[in-house]
Amino acid sequence: MKRLLLFSLLILTLAASPVSAQVTYETFEGGAALAWTAADGTYGGAVANPDPAGLNTSGFAGSYTKSNAHAYSLFLATLAAPIDLSVNNQFKIQIYAPVATSFILKLEGSGEAIEVTKNIANANVWQEYTFDFSAAAGFTTINKFILFFDPGVTTSGDTYLFDNIVAMPAGACAGTTPDPLILDNFECQRNATYGVGWDILVPLTNPDPTGVNTSSMVGQYTDPQDQWSALVIDYDNPIDLSVNNQIKAKVWSPKTGQILFKLEGGVSAPAEVFVNVTQTNTWVEYSADFSGQANANHKKIAIFFNAGVQAQPGDIYYIDDITVGVQPPPPALEDFENGASLGWGPLNNSTLNHGTFTGPFANPDPSGNPSAFVGKYTKGASLFSTLTALLPAGIDLSSKPQLNLQVWAPAAGEEVTLQLSSAINGVKEVTREIPATGQWVDLKFSFSDFATITDFERINILFNGGTANQGSIWYFDNLTQSSSTVDPCEGVSPILNIVDDFECQRNYDYGAGLDRLTVKPNPNVSAANSSLSVGEYKDPLDPWSALVVQSGGAWNLAVNNQLRIKIWSPIAAPLLFKLEGGTSPAFEAPMVQVTATSQWVEYVADFSSQAAANHARLAIFFNAGQTPAQEDLYYIDDIKWTRASYSGCIDDHETPSSTISNFKYFANGAIEAAGTPFEVVNNPNKSGINTSDKVGLFVKAADALPFAGMYADLDVPIDFQGNKTVKAKVLMDHIGNFAVKLEGSATGAPPIEIPVANTVTNQWEELTFDFSAASNTAQYKRLTIFFDLTIDATGSNVSSYFDDIVIGEGQCLIANSLWDKLEVPVLQVFPNPAANQITVDNLTREARLDLWNMQGQLISRTDVWGQTQAEISLEGLQPGIYLISAYDRDGVLAGSVKFVKQ
């Protein structure tokens, strides 16, 4: 009886033991145990282990060479009977890979399947990978092992070795859902894949479960005896740092020094954060702020223990709870809870002009701000009454360029301006509108454009700056610093010839393909495309799917009829660009072949023949007419319509399509230092030869250099089309000169600079520049202009105006000044007066007809290229006088006529 009882206990013990339940499916010792089949690629059978001194001491392993014709090269083994997964559902497999990549283990049966992907971070070394399939414990038909090496990559044909496939009970962590914010806690959340350092990181019982870390298990890292060994976590793909960009780890260090957290392995430059170790032989949580890398491209996190110091024998570190997370709220620069942290007061201590400050002051409205105390400011007599405070420790904007402020504004409150003052760079300011008065509101001031300035020493606040409201009372509180949350595209005006740059110029909607288009970090930041954000398009498995852009009406191709698009293609494939969806027949540009793969290339499609056509949609076909082997990922950027070249009227400041908007100042003293943008302003003298509404403004700074000017880099080259002259209208309040310089030749031609003196003041004058010395093949792509070239600055800012820059033939004429006689042919229109419709007759070279009212507002636009007669509906128009203006294909005014709507 006693022997029977002991035997029963032994059976129960063996049944509960994980070792007894382990099942070995494949070892390749004495040949393969399973019937492996290479549906794609080549199965090499059992081969000699190339590294029996490593993790895998077996004599033999299985060999498989992937097919270079299939992204998911199929390799599998079919078992004679279904696998019992009820207990043994944790699988292990050892892999020897020739490259760092990824691997999928899939279990499959009749209508049942489960798969898990693992990252392979280390090449040419045996590593063991564990797969938790406890979710399949109830599956009953699983009879296949499917192995995908280097999944998703078509062009690889490498040979992989694999060995020792075993199954066992999953244990206490079975079914744990991976937390993407926990990289490794050395217990159930073991989500990191380690590259360098994997072989010296050992999970073990916490040797000091006290303080901030009472976990049962931690990692032990024995520091190699050099200065720069690291523990590297490999993501294989770009790390999403847009939100979770704070890296933390608990470290038990035997010595003082520095821990280095480093981001690397992507297309962005590596980023480093050093943290001082001040406590030894105790657990301390260290944090690295990588918020400045929110849009960067990195694939690895490296942790250096005692960075830069030669390690000694026996230097052992313990690490635990490696996590990523959001940036913690920053401490307030000013919250008034324990007195005023900054010395607030009126500018220049002038209470008359700049008011008074009281603080801490009892919060008058705790409903929107629970703080007990706030700051109170009463405005002075100055229009720019200013509250100021010194920043005794300065302010570092490099990683936290945004200042946040809570404000309670009186009824007249409209806006608040925050200024930061630098001894070297002057005052930089940001203004925010107040969304509501009589209550606490949160205002966010992004100083991202000035984040490199390191000597800010004072902060100023202007409440309703420029407005006289002496005695008005404002309250403010909780001045904090943070990463920028202000929309970087806020206030950016759309440039309508840009279709999509996947940043701030996203000006049109998508139809077909929208569900396959996402905004992603640029996978290859380079000189060919330095944008941080691009579009990722997943091409479906058919020959004629397209990404379709909708114009919202019809594309205006009268001037900008060259489609330009940057594409990063994974394969050499044909590209097709097509116009469709309007009243004109669909049109396809000649197909373009991708020849340079995995790099950015700009492609151009010529649609000049469609200048007067009516098309509503643009369709972009990737790998046109071909059925891809897998859903290839293409990256696209900077989709835009441009001119074929810059000729004729290139800058009239009236319409985006006829205006150069990217002029930038240079050598212009304080105006350039302040980042002052080029401005299009109202015409200060609408008379004589220039009655247009808008003109360009050039301000020469008081401290400008004699060669101060503005330059614009052009999308396409300048083309004189035979007539090598440039014309421009200028308005100056003094006699000086206006100069034009052509440079940036695509063919290496030397720059040419021509100044011409003005002859009148305070009235518009057209100047002509003779560029007959320019080479016919120069292809200049930079236009530079100067006012008063070689003339010293006057000590005061000087404003001058320019308009209507014409290259070669043509002129800039607009229909805004409707009562002035236009020196162009008169169109024929009937009936006149008209009730419901007019007909415009005897059209010859006209490309479009624009209908305007007497307020200069565009009512409608009709494309008429190739027609001799056009009808325009007057439905919905109020009775009155209207004007029709006609433009040719170069955007030059070709005719006009007035008519009466009854």
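**As for the overall build of the chain**
Part 1 of the argument: A tally of helices and strands in the chain yields four helices and 62 strands.
Part 2 of the argument: With the C-alpha coordinates aligned to their principal axes, the bounding extent of the chain is approximately 120 × 70 × 55 Å.
Part 3 of the argument: Within the chain, buried positions represent 49% of all 902 residues.
Part 4 of the argument: In the chain, the proportion of contacts linking residues at least 24 apart, taken out of those at least 6 apart, comes to 74%.
Part 5 of the argument: Of the roughly 39,800 Å² of accessible surface on the chain, a fraction of 51% belongs to carbon and sulfur atoms.
Part 6 of the argument: The averaged location of the 93 negative side-chain charges in the chain is 2 Å from the averaged location of its 48 positive side-chain charges.

**Considering the nonpolar core**
Part 1 of the argument: With 48 residues, the main nonpolar core has Phe663, Phe738, Phe769, Phe771 and Phe802 as its most contacted residues.
Part 2 of the argument: For this core, the secondary structure elements donating two or more residues are strand E48 (694-700), strand E49 (709-713), strand E50 (725-731), strand E51 (737-745), strand E52 (752-757), strand E53 (765-770), strand E54 (780-787) and strand E55 (798-807).
Part 3 of the argument: The next biggest cluster of nonpolar side chains, apart from the first, holds 33 residues, and it includes Leu387, Leu391, Leu403 and Ala451.

**Points about the sheet that holds strand E2 (residues 35-38)**
Part 1 of the argument: Taken in spatial order, the five strands line up as E2-E5-E10-E7-E8 in an open sheet, and their pairing is antiparallel. Each of the sheet's edge strands pairs with one partner strand only, and the pair in question is E2 and strand E8 (113-120). Here the strands of the sheet are splayed against their neighbours by 20° on average, with no regard to which way each runs.
Part 2 of the argument: One ladder, built from six bridges, connects strand E7 (residues 101-108) with strand E10 (residues 144-149); its direction is antiparallel. The residue of E10 that forms the bridge with Lys106 is Ile146.

**Looking at the sheet that holds E49**
Part 1 of the argument: Judged by pairing direction, the sheet is antiparallel, and its five strands sit side by side in the order E46-E49-E54-E51-E52 without closing on themselves. Because the sheet does not close on itself, it has two edges, and the strands there are strand E46 (664-666) and E52. Shown here is a sheet whose adjacent strand axes are inclined to one another by a mean of 25°, direction ignored.
Part 2 of the argument: As defined by bridge partners, E49 adjoins E54 across five bridges and the pair is classed as antiparallel. Each bridged residue has a counterpart across the sheet, and for Met710 the counterpart in E54 is Ile785.

**Examining the confidence of the model for the chain**
Part 1 of the argument: Scored by pLDDT, the chain has a mean of 90; 95% of the residues are at 70 or more.
Part 2 of the argument: Looking at the elements of the chain, mean pLDDT is at its lowest for helix H1 (residues 2-16), recorded as 33, and at its highest for strand E25 (residues 373-378), recorded as 98.
Part 3 of the argument: Every residue in residues 1-20 scores below 50 in pLDDT, and together they form three contacts with partners more than four places removed in sequence or on other chains.
Part 4 of the argument: Scored below 50 in pLDDT, residues 815-823 shows 24 contacts in the model against residues more than four places distant or in partner chains.

**Let's talk about the state of the cysteines**
Part 1 of the argument: In the structure shown here, the tally under the stated rule is two disulfides.
Part 2 of the argument: Each sulfur of the disulfide joining Cys173 and Cys188 lies 1.8 Å from the other. Where Cys173 bonds to Cys188 through sulfur, the torsion about that S-S bond is close to -75°, and the disulfide is left-handed. In this pair, Cys173 sits in the loop between strand E11 (159-169) and strand E12 (182-184) while Cys188 sits in the loop between E12 and strand E13 (201-205), placing the two residues 15 residues apart along the sequence.
Part 3 of the argument: Bridging Cys489 to Cys504, the disulfide has an S-S length of 2.1 Å. In this structure, the disulfide formed by Cys489 and Cys504 twists by about -85° around the S-S bond and is classed as left-handed. Of this pair, Cys489 sits in the loop between strand E32 (473-482) and strand E33 (498-500) while Cys504 sits in the loop between E33 and strand E34 (509-510), placing them 15 residues apart in sequence.

**Some details on the side chain of His653**
Part 1 of the argument: Tracing the chain through its elements places His653 in the loop between strand E45 (648-651) and E46.
Part 2 of the argument: With a relative accessible area of 4%, His653 lands in the buried category.
Part 3 of the argument: Only 3.2 Å separates the side chain of His653 from the side chain of Asp651, close enough to count as a polar contact.
Part 4 of the argument: Polar side-chain contacts of His653 include one of 3.3 Å to the backbone nitrogen of Gly696.

**Quick look at the side chain of Arg643**
Part 1 of the argument: As for its placement among the helices and strands, Arg643 is situated in the loop between strand E44 (633-642) and E45.
Part 2 of the argument: Of note is the side chain of Arg643, whose polar atom sits 3.3 Å from the backbone oxygen of Ser647.
Part 3 of the argument: A distance of 2.9 Å separates a polar side-chain atom of Arg643 from the backbone oxygen of Cys649.

**A few points about the packing of aromatic side chains**
Part 1 of the argument: The final tally for this structure, using the stated rule, is 53 aromatic pairs.
Part 2 of the argument: Lys118 extends its terminal NZ or CZ atom over the ring of Phe131, reaching a point 5.7 Å from the ring centre.
Part 3 of the argument: Its end group placed over the ring of Tyr711, Arg782 keeps NZ or CZ at 4.2 Å from the ring centre.

**Focus: the environment of Gln419**
Part 1 of the argument: Considering the arrangement of structural elements, one finds Gln419 in strand E28 (residues 415-422).
Part 2 of the argument: Gln419 sits in the buried class, given a relative accessible area of 13%.
Part 3 of the argument: Beyond its immediate stretch of four places on either side in the chain, Gln419 contacts Val427, Lys428, Glu429, Arg458, Ile459, Asn460 and Leu462.
Part 4 of the argument: A polar atom in the side chain of Gln419 sits 2.8 Å from the side chain of Glu429.

**Some points on the pattern of salt bridges**
Part 1 of the argument: Summed over the entire model, instances satisfying the criterion amount to 22 salt bridges.
Part 2 of the argument: For Glu631, the salt bridge is made with Arg516, and the minimal N-O distance between the two is 2.9 Å. With a gap of 115 residues between them, Glu631 in the loop between strand E43 (617-622) and E44 and Arg516 in the loop between E34 and strand E35 (517-521) connect regions that are remote in the sequence.
Part 3 of the argument: When salt bridges with common partners are traced through the structure, they connect Lys262, Glu264 and Glu272 into a single cluster.

**Quick word on unusual backbone geometry**
Part 1 of the argument: Looking along the chain, the bond that leaves Phe830 and enters Pro831 is cis, with omega of -10°.
Part 2 of the argument: Assignment of secondary structure puts Pro831 in the loop between strand E56 (828-830) and strand E57 (837-841).
Part 3 of the argument: Note the cis peptide between Asn832 and Pro833, where omega equals 5°.
Part 4 of the argument: Along the chain, Pro833 turns up in the loop between E56 and E57.
Part 5 of the argument: Positive phi, close to 55°, is recorded for Asn623, a residue that is not glycine.
Part 6 of the argument: Mapping Asn623 onto the fold places it in the loop between E43 and E44.

**Observations concerning the environment of Tyr801**
Part 1 of the argument: Structurally, the position occupied by Tyr801 is in strand E55.
Part 2 of the argument: Put simply, Tyr801 and Pro401 are 400 residues apart on the chain and 35 Å apart in space, counted from C-alpha to C-alpha.
Part 3 of the argument: Every residue in contact with Tyr801, bar those within four places of it in the chain, is listed here: Val681, Pro684, Val695, Gly696, Leu697, Lys729, Val730, Leu731, Trp764 and Phe787.

**Focus: the pairing of E7**
Part 1 of the argument: Of all eight residues making up E7, seven are buried, and the element is well covered by its neighbours.
Part 2 of the argument: The sheet contact formed by E7 and E8 spans eight bridges and is antiparallel. Residue pairing for E8: Phe103 is matched across the bridge by Lys118.

Parameters and conventions
Within any chain, residue numbers begin from 1 and follow the written order of that chain's sequence. Local features in this predicted model are restricted to residues whose pLDDT is 70 or higher, and side-chain atom pairs enter the listing and the counts only when it is 80 or higher, whereas totals over whole chains, interfaces and linings include all residues. Note that water and hydrogens are dropped before the side-chain values are worked out from all heavy atoms of the structure. A run of DSSP states H or I qualifies as a helix once it reaches four residues; a run of E qualifies as a strand once it reaches two. Both are numbered from the N-terminal end. Note on exposure labels: buried denotes an accessible area under 20% of the residue type's maximum, exposed denotes more than 50%, and partly exposed covers the range between, all computed with a 1.4 Å probe on protein chains only. It only takes one pair of heavy atoms within 4.5 Å for two residues to be counted as in contact. Note on areas: Shrake-Rupley with a 1.4 Å probe; residue coverage comes only from the protein chains shown. The charge count includes Lys and Arg as positive and Asp and Glu as negative, but it does not include His or the ends of the chains. Charged groups are reduced to one reference atom each: NZ for lysine, CZ for arginine, CG for aspartic acid, CD for glutamic acid. Nonpolar cores are built from buried Ala, Val, Leu, Ile, Met, Phe, Trp, Tyr and Cys residues. Side-chain atoms within 4.5 Å join them into one set. Paired strands, in this sense, are two strands between which DSSP finds at least two bridges. Axis lines are fitted to C-alpha atoms, over the contacting stretch for helices. Their N-to-C directions set the angle, which ranges from 0 to 180 degrees. For every residue, the predictor reports its confidence as pLDDT, a number between 0 and 100. Note that a disulfide, as used here, is simply two cysteine sulfur atoms within 2.5 Å. Pairs of N or O atoms are called polar contacts if they sit within 3.5 Å, as long as, within protein, a hydrogen donor faces a hydrogen acceptor (for residues adjacent in sequence, only side-chain-to-side-chain pairs). Under the pairing criterion, centres of Phe, Tyr and Trp rings, with the six-membered ring standing for Trp, must be within 6.5 Å; the plane angle then separates stacked pairs below 30 degrees from edge-to-face pairs above 60, leaving the rest tilted. A ring is scored as having a charge over it whenever the NZ atom of a lysine or the CZ atom of an arginine sits within 6 Å of its centre and within 35 degrees of its normal. Salt bridges are defined as contacts in which a side-chain nitrogen from Lys or Arg sits within 4 Å of a carboxyl oxygen from Asp or Glu.

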